[in-house]
Protein chains: 4
Amino acid sequence: MKNTYGHSVSVTLFGESHGEYIGAVIDGLAPGVEINHDYIAHKLTLRRPAGKISTPRQEQDAYKIVSGVVNGRTTGTPVTILIPNENVKSGDYTAMQTVARPSHADYTADCKYHGYQDSRGGGHFSGRITAALVAAGAICQYTLEQKGIVIGTHVKRCGGVADRDFADLRADIEALNELTFAVLDDTAAEAMQAAIVAAAEEGDSVGGVLETAVIGLPAGVGEPWFDTMESLLSHMMFSIPAVKGIEFGSGFALADMRGSEDNDPFLLEDGVVATATNHSGGINGGITNGMPVIFRTAVKPTPTIFKPQQTVDFAGMSETVLQPMGRHDPAIVHRARVVQDAATALVLCDALALRYGTDWLK
Amino acid sequence: MKNTYGHSVSVTLFGESHGEYIGAVIDGLAPGVEINHDYIAHKLTLRRPAGKISTPRQEQDAYKIVSGVVNGRTTGTPVTILIPNENVKSGDYTAMQTVARPSHADYTADCKYHGYQDSRGGGHFSGRITAALVAAGAICQYTLEQKGIVIGTHVKRCGGVADRDFADLRADIEALNELTFAVLDDTAAEAMQAAIVAAAEEGDSVGGVLETAVIGLPAGVGEPWFDTMESLLSHMMFSIPAVKGIEFGSGFALADMRGSEDNDPFLLEDGVVATATNHSGGINGGITNGMPVIFRTAVKPTPTIFKPQQTVDFAGMSETVLQPMGRHDPAIVHRARVVQDAATALVLCDALALRYGTDWLK
Amino acid sequence: MKNTYGHSVSVTLFGESHGEYIGAVIDGLAPGVEINHDYIAHKLTLRRPAGKISTPRQEQDAYKIVSGVVNGRTTGTPVTILIPNENVKSGDYTAMQTVARPSHADYTADCKYHGYQDSRGGGHFSGRITAALVAAGAICQYTLEQKGIVIGTHVKRCGGVADRDFADLRADIEALNELTFAVLDDTAAEAMQAAIVAAAEEGDSVGGVLETAVIGLPAGVGEPWFDTMESLLSHMMFSIPAVKGIEFGSGFALADMRGSEDNDPFLLEDGVVATATNHSGGINGGITNGMPVIFRTAVKPTPTIFKPQQTVDFAGMSETVLQPMGRHDPAIVHRARVVQDAATALVLCDALALRYGTDWLK
Amino acid sequence: MKNTYGHSVSVTLFGESHGEYIGAVIDGLAPGVEINHDYIAHKLTLRRPAGKISTPRQEQDAYKIVSGVVNGRTTGTPVTILIPNENVKSGDYTAMQTVARPSHADYTADCKYHGYQDSRGGGHFSGRITAALVAAGAICQYTLEQKGIVIGTHVKRCGGVADRDFADLRADIEALNELTFAVLDDTAAEAMQAAIVAAAEEGDSVGGVLETAVIGLPAGVGEPWFDTMESLLSHMMFSIPAVKGIEFGSGFALADMRGSEDNDPFLLEDGVVATATNHSGGINGGITNGMPVIFRTAVKPTPTIFKPQQTVDFAGMSETVLQPMGRHDPAIVHRARVVQDAATALVLCDALALRYGTDWLK
């Protein structure tokens, strides 16, 4: 399967940056799930660029749901979301971009699609497509919240600045879900934004780290081999453009730990099995253990920068120098966090429906 | 799907640590693929424990192939590999282990399987099962080599010691594939082994980082969404017990880079598009770009240690202290590298067969 | 997976009879495939109701393609087709139909969707959805034709009248693909239409048998177990509303044959292996043998009839009598044949892409 | 996917007629499912050839389960069944059969596997493989029975003789499940066996029709598109060698009915929705309606007959005459009925686990 993820609850993504619509089809959602349009619109707003730290391209993201919803609730059949691309010029496509932007997908798209790819604005590879993923994921995320499963993501690191660690997870998540720039520590937030602006002023860009927490997941979800909970989440997260790494719990820091440091002692908390620490990120042997699921992704700097760069023209097979022009983000990590929440929600809805049946999320 | 990975070339894993057989079914391999038993046996030997840095449990791994191979070549139908568990006592299973070993899957297995899981020696969660994965992957890896696609993994970090970076990739990979302890720098190798022995003497364990390189992959393999090459590889790698993180190319280091540092300039090398640097790890937009695919995994310390640990008995729901006894590894990172090679080969065979058809690997 | 079919080339269907749009996403089509709008429109016209033998509901089927096509050719990324439902009243949905129409999906939809299903006009179960399947399949069918693979279907039986058998397959298929009422024998065509009109005048409906032939398929496509060519085709055909049976080659007639009658002798025809007869319908052991693939489906009479029928109101759990009113077809078999062609094309594109790679259909 | 069927509960088949083992891996079965060895052995006995109406090849089918079962119950992890091929000569394979047996898979296997296929005794295409399918399905079938879901199949037609229709379904199924030759009417049973013997004496073979009934299925299982209950069942049934047709409820007879005859009136029976007739075979709109699921398959005559037949040698590409020798069945329809039960059970376990969760069958 290609642009479809999931077995019981699945999402199919379509569209190009400069096409008529981008969108998503979500299938397998339980019937009777409430569609909260304020919630979806809020998530789309959080994803949209804003201010000096983002691209000036403005989209209303005036999504509409054209199937699968009646009287504000899912019917149980495919839910189709359309988001028009308003801020583009229509008209025939006349000149393909054949000068490969470094660390973009221009060249690899050509290797795969042999010159037929839509290269306008990144085409199907554009971060723009994540608006559809956010809308689809928002439906799932809201549904999970009704079952007490709550997801939140902060920018853990950006431009050399670190946010504080998660503390009171529930309170932190609630705070994050209201923030446009999702950083728990205000001083860190300001420093990160300053770093982004500084990079932008030099025609450059910065990357960062996103940290996601999920609370309220039941223990016993995931498979020992191949469909471990880490496998499912990582499979999805590496679909988010610019994500180049993921780690669960203490992740790469485990490499320098000893077992006696890493192991999470089990204990009883109000009669429920819990762990004293959570180096495992809520997952043992691929299966949730009832503790918060915690993971971090590495988001690379936006590859489009306004500096001359060495590259090739793959049509003529000649070397050349590229100096990009246009509308781009000096950082996307703060926008990608909404995508990461949405993507997480999609994975969890599928895993929970497989585990507990198609009506469980009703 | 659960214990099966892959769409065109797939692998199904089965077995338990103390069962009669562990094994794997590989389906969809091109017909006519040569089975090189020396190659498979060599990989199994590299995975097997040896010396003071490993568990004293010794298995011959006397695998046999009971279907899908005639006259030393694949028929094109399912190849079934059986590996007997010789070094176990047979007989009925009488007492389930209900005291959860911290950071093991004992408790989560119980949440999922409600007391019916085979808990002897870790059951289906045991690292023992990776012997079957290695045998299956070795067939794929050998096949890829015939097409010029070569995979190698070294222990990049262990016990606080770092190996040198990859230099001449082809030569490094060839060297690694002969080494029992896959470290490029001899001094680092000795220091790592000393660190493992030191941990073992304290009843403790260490983790590490594995770095894998793949050379010779064609450009244009992978999908823009959901089945990105990173998604496919990470999905598989998180099935390897103890892997808790993965990063491609410069990975988490990208978080602190600027775009101008991260971007890989394209150039022409002997008329072929290449990049001057490889921060992208050979993948742009989810699709291979023809450069080496590079990724690193974080391997946590073996959770079984010989120190008293706080935990719960999940049958009686009471807190208790556990001091494990038995046969265990103070480190598995050096053994896991063979598993990582094998797992990589399985992912690539599937992706290549989907891209170029079922006969491509013949 | 639910409303998605296929692994390499896949189709996702969405929409309801009275929703804003119905549509389909086709993913995995080779890049560079030509979109022939005349061809698609022609197929949609053939599916649309016409004259006294069909429902008076008229739809323009003014489809548009909103992603995945640039300059008239596929890009290789998802192709999304939207078809507006023009001939419906918009507005909130206020009263669900809880009186189950016999042999319709009203009651089973309620069992599955618990009252949240869209019951207007059959909702997602409506034959209307097949317009999207036809549009998607038409793209595939046209593509296959460029590779010499040609599909055609005739109404083999309807209202007690039988069409003649296929004779010169290529000529017959070419003729059928121009006919609105796809019957090879003109006298039979007239008799069938008379039978439909006669049933309609009594407020009743008739069923029929569709026979499909595919010529030009390469030998060696399909799998021995589970994904036999018969499995793949039947899986898809039973998605076409009203199909209740399928048979390949001589099908049920084989039950009364002896092996000596049934067996298809192999021979050489212009140096190519062929068979003297084709009782096998072009498939041996689940795999194409290079002969025409032939299958027939049983299409039940339209369940909506204008006669009083015994049924239940599943909301109040009471027995009642239903006399349907509205716009319905006295027969759908002649319209379903276009759907059967389209559905066949989708299955074949997927099977061929899995077998020969994603570029094969280019 | 190839030799694997199912998403939540899946089965993978492997082995060849003359290999060391045939077998199956069943994954995703609920933990705690009882393994009833008498039940499995009984099903294998029913499948095994016996008497003059079958091949003289005798196999003990001394299956063993080598993973996934502890203390007589499933653990929830993959269950692997091995069945040794005892009645074959081991040793290298020296001469491939290149003379294609008409209506066998010899030639198509060669088209797919390019000469590498195991052609001894039909290899992976052999009906022998169904022993593994029966063993796997028997576990599922027994489990379903514990939930009140009962499956039974009779030979509805064979050698020109028809069995009586199902009457009291539960009693009929119970009777059938004890019969070696599963025919409800004794006189018909004798006449069928006489017809088989008569064909055998002429070196010929006969086909037949199998009719399966499932009672006790909940209403609301199946999908409107692509994974209709008919799609799932037909996908599986066309994997059974020799099946060339399938019909649900009144099937092909519907082609000549009017809607007023075909429609199944709904009524209330002890407060439960039922239908007065069952032309729909228990499925409306792809979804179970709570009535018995009824389907029939067409089983072609055994293609191996002891008469000279025109064919080709595909190695030398020359025409030739083949007169088969060896051990073969003059009919397989009476043996295939056990396979059809088993195959049905596998499909239902998967569909129910997807619908109600992985623990539902516990």
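For the structure itself, look to the data block above.
These notes cover the structure that comes with them. Owing to the predicted nature of the structure, the values given are computational and were not obtained by experimental measurement.

## Notes on the overall build of chain A
- Of regular secondary structure, chain A possesses eight helices and 18 strands.
- Expressed along its principal axes, the backbone C-alpha trace of chain A runs to roughly 65 × 50 × 35 Å.
- Taking all 362 residues of chain A together, 71% fall into the buried category.
- Within chain A, residue pairs in contact and separated by at least 24 positions form 71% of the contacts whose partners lie at least 6 positions apart.

## Thoughts on the interface of chain B and chain C
- Contact residues are listed per partner, giving eight residues for chain B and eight residues for chain C.
- Taken together, the two surfaces of chain B and chain C that pack against each other cover about 690 Å², and 45% of this comes from carbon and sulfur.
- On the chain B side of the interface with chain C, the three residues burying the most area are B:Leu354, B:Arg355 and B:Thr358, jointly 53% of the side's total.
- Linking chain B to chain C there are two salt bridges.
- Counting the contacts that link chain B with chain C gives five residue pairs in polar contact (both at pLDDT 80 or more).
- In terms of residue class, the side of chain B that touches chain C is made up of three nonpolar, three polar and two charged.

## Regarding the relation of the copies chain B and chain A
- If you rotate chain B by 180° and push it 0.0 Å along the axis, it lands on chain A with an RMSD of 0.0 Å. Expressed as an axis order, the relation between the two copies is that of a two-fold axis.
- The fraction of interface residues of chain B whose copies in chain A are also interface residues reaches 100%, indicating that both copies meet through the same surface.

## Examining the sheet that holds strand E2 (residues 10–15) of chain B
Residues and elements named next belong to chain B.
- Taken in spatial order, the five strands line up as E1-E2-E3-E7-E4 in an open sheet, and their pairing is antiparallel. Where the open sheet ends on each side, the last strands, each with one partner, are strand E1 (4–5) and strand E4 (64–67).
- As paired elements, E4 and strand E7 (residues 79–84) share three bridges and run antiparallel to each other. Directly across from lysine 64, in E7, lies its bridge partner leucine 82.

## Considerations on the sheet that holds strand E7 (residues 79–84) of chain D
- Ordered in space as E1-E2-E3-E7-E4 (chain D), the five strands form an open sheet in which the pairing is antiparallel. One side of each edge strand has no neighbouring strand; the edge strands of this open sheet are strand E1 (4–5) and strand E4 (64–67) of chain D.

## What about the interface of chain B and chain A?
- Of the residues lining the interface, 106 residues belong to chain B; the matching set on chain A comes to 106 residues.
- Summing both sides of the interface, chain B and chain A together bury roughly 8,400 Å²; the carbon and sulfur share of this comes to 59%.
- Ranking the residues of chain B by area buried against chain A places B:Trp225, B:Phe226 and B:Lys244 at the top, with a combined share of 12%.
- The tally of links between chain B and chain A comes to 50 residue pairs in polar contact (both at pLDDT 80 or more).
- Examining the composition of the side of chain B that touches chain A, we find that six residues originate from one element, helix H6 (residues 229–237) of chain B, more than from any other.
- Of the residues that constitute the side of chain B that touches chain A, the class distribution is 47 nonpolar, 39 polar and 20 charged.

## Regarding the pattern of salt bridges
- Following the criterion strictly, the structure yields 56 salt bridges over all chains and no others.
- Among the ionic pairs, A:Asp204 bridges to A:Lys307, the shortest N-O distance being 3.6 Å. Highlighted residues: A:Asp204 in the loop between helix H5 (186–201) and strand E10 (208–215) and A:Lys307 in the loop between strand E16 (293–299) and strand E17 (309–313), separated in sequence by 103 residues.
- On the accessibility criterion, A:Lys307 (25% relative accessible area) is partly exposed.
- With a closest N to O distance of 2.8 Å, D:Glu202 and C:Arg258 form a salt bridge. A residue pair is termed interchain when its members come from two chains, as with D:Glu202 in the loop between helix H5 (186–201) and strand E10 (208–215) and C:Arg258 in the loop between strand E11 (243–248) and helix H7 (259–262).

## Comments concerning the pairing of E10(D)
Residues and elements named next belong to chain D.
- Taking burial as the measure, the eight residues of E10 include eight buried ones, the bulk of the element.
- Residues Gly208, Leu210, Thr212 and Val214 point to one face of E10 and Val209, Glu211, Ala213 and Ile215 to the other, with burial holding for every one of them.
- Here strand E8 (residues 150–158) pairs with E10 via eight bridges, running antiparallel. Along E10, the bridge assignment pairs valine 150 with isoleucine 215.
- Of the strand pairs in this sheet, E10 and strand E16 (residues 293–299) are connected by seven bridges, and their pairing is antiparallel. Residue alanine 213 lies in a different strand from E16, and its bridge partner there is isoleucine 294.

## Details of the packing of helix H1 (residues 37–47) of chain B against helix H3 (residues 130–146) of chain B
Residue and element names in this part refer to chain B.
- Closest axis-to-axis distance for the H1/H3 pair is 9 Å, and the angle between their directions is 135°. By the angle class used here, H1 and H3 are oblique. Between H1 and H3 the crossing geometry is right-handed. Across from Tyr39, Ile40, Lys43, Leu44 and Arg47 in H1, the residues of H3 making contact are Thr130, Ala131, Val134, Ala135, Ala138, Ile139, Gln141, Tyr142 and Glu145.
- Of the residues in the contact of H1 with H3, the class split is nine nonpolar, two polar and three charged.

## Quick notes on helix H2 (residues 106–113) of chain B
- With eight of its eight residues buried, H2(B) lies for the most part within the structure.
- Of the positions making up H2(B), those classed as buried are B:Asp106, B:Tyr107, B:Thr108, B:Ala109, B:Asp110, B:Cys111, B:Lys112 and B:Tyr113.
- Where H2(B) is buried, its residues touch strand E12 (266–269), strand E13 (272–275), strand E14 (283–284), strand E15 (287–288) and helix H8 (333–356) of chain A.
- Remark: B:His114 follows H2(B) within two positions and exhibits a positive phi of approximately 55°.

## Some details on the packing of helix H3 (residues 130–146) of chain C against helix H8 (residues 333–356) of chain C
Residue and element names in this part refer to chain C.
- In the contact formed by H3 and H8, the axes pass within 7 Å of each other and the chain directions differ by 55°. Here H3 lies oblique to H8, going by the angle between them. Between H3 and H8 lies a crossing whose hand is left-handed. Across from Thr130, Leu133, Val134, Ala136, Gly137, Ala138, Cys140, Gln141 and Leu144 in H3, the residues of H8 making contact are Val338, Val339, Asp341, Ala342, Ala345, Leu346, Leu348, Cys349 and Leu352.
- Of the residues belonging to the contact of H3 with H8, the class tally is 14 nonpolar, three polar and one charged.

## A short note on the side chain of B:Thr302
- Examined against the element boundaries, B:Thr302 turns out to sit in the loop between strand E16 (293–299) and strand E17 (309–313).
- By relative accessible area, which is 8% here, B:Thr302 ends up buried.
- Residues contacting B:Thr302, with those up to four places away along its chain left out, are A:Gly259, B:Ser205, B:Val206, B:Asp329, B:Pro330, B:Ala331 and B:Ile332.

## Section: the pairing of E8(D)
Residue and element names in this part refer to chain D.
- For E8, the buried fraction is high: eight of the nine residues fall into the buried class.
- Pairing of E8 with strand E9 (residues 161–162), which is carried by two bridges, proceeds in the antiparallel orientation. The residue bridging cysteine 158 from the neighbouring strand is valine 161, located in E9.
- Two successive antiparallel strands, E8 and E9, enclose a turn made up of two residues, where glycine 159 displays a positive phi of approximately 55°.

## Focus on the environment of C:Val150
Residues and elements named next belong to chain C.
- Following the sequence through the fold, valine 150 ends up in strand E8 (residues 150–158).
- Separated by 191 residues in sequence, valine 150 and aspartate 341 have C-alpha atoms that sit 9.7 Å apart.
- The contact partners of valine 150, leaving out residues within four places of it in the chain, are Arg170, Ile173, Ala213, Val214 and Ile215.

## Let's talk about helix H4 (residues 169–176) of chain C
- Those residues of H4(C) lying buried are C:Leu169, C:Asp172, C:Ile173 and C:Leu176. An end-on view of H4(C) places all buried positions within 100° of arc, on one side of the element.

## Topic: the environment of B:Gly76
- With respect to the secondary-structure elements, B:Gly76 resides in the loop between strand E6 (73–74) and E7.
- B:Gly76 gets classed as buried once you look at its relative accessible area, which sits at 9%.
- Remark: the alpha-carbon pair of B:Gly76 and B:Tyr107, spanning 31 residues in sequence, is separated by 40 Å.
- If we skip the residues at most four places from it in the chain, B:Gly76 touches B:Asp27, B:Leu29, B:Ala30, B:Pro31 and D:Tyr113.

Parameters at a glance
Residues numbered from 1 in each chain as written. Chains lettered and ligands numbered in written order. Predicted model: local features only at pLDDT ≥ 70, side-chain atom pairs only at ≥ 80, totals over all residues. Heavy atoms only, no water. Helix = DSSP H or I, 4+ residues; strand = E, 2+ residues; numbered from the N terminus. Buried < 20%, exposed > 50% of the residue type's maximum accessible area, 1.4 Å probe, protein only. Contact = heavy atoms within 4.5 Å. Buried area = accessible area lost by both parts, 1.4 Å probe. Salt bridge = Lys/Arg side-chain N within 4 Å of Asp/Glu carboxyl O. Polar contact = N/O pair within 3.5 Å; in protein donor to acceptor, adjacent residues only side chain to side chain. Nonpolar A, V, L, I, M, F, W, Y, C, P; charged D, E, K, R; others polar. Least-squares fit on C-alpha atoms with pLDDT ≥ 70 in both. Pairing = 2+ DSSP bridges. Axes fitted to C-alpha atoms, helices over the stretch in contact; angles between N-to-C directions. Parallel < 35°, antiparallel > 145°, perpendicular 65-115°, else oblique. Left-handed = near helix turned anticlockwise from the far one by under 90°. Arc of directions from axis to C-beta.

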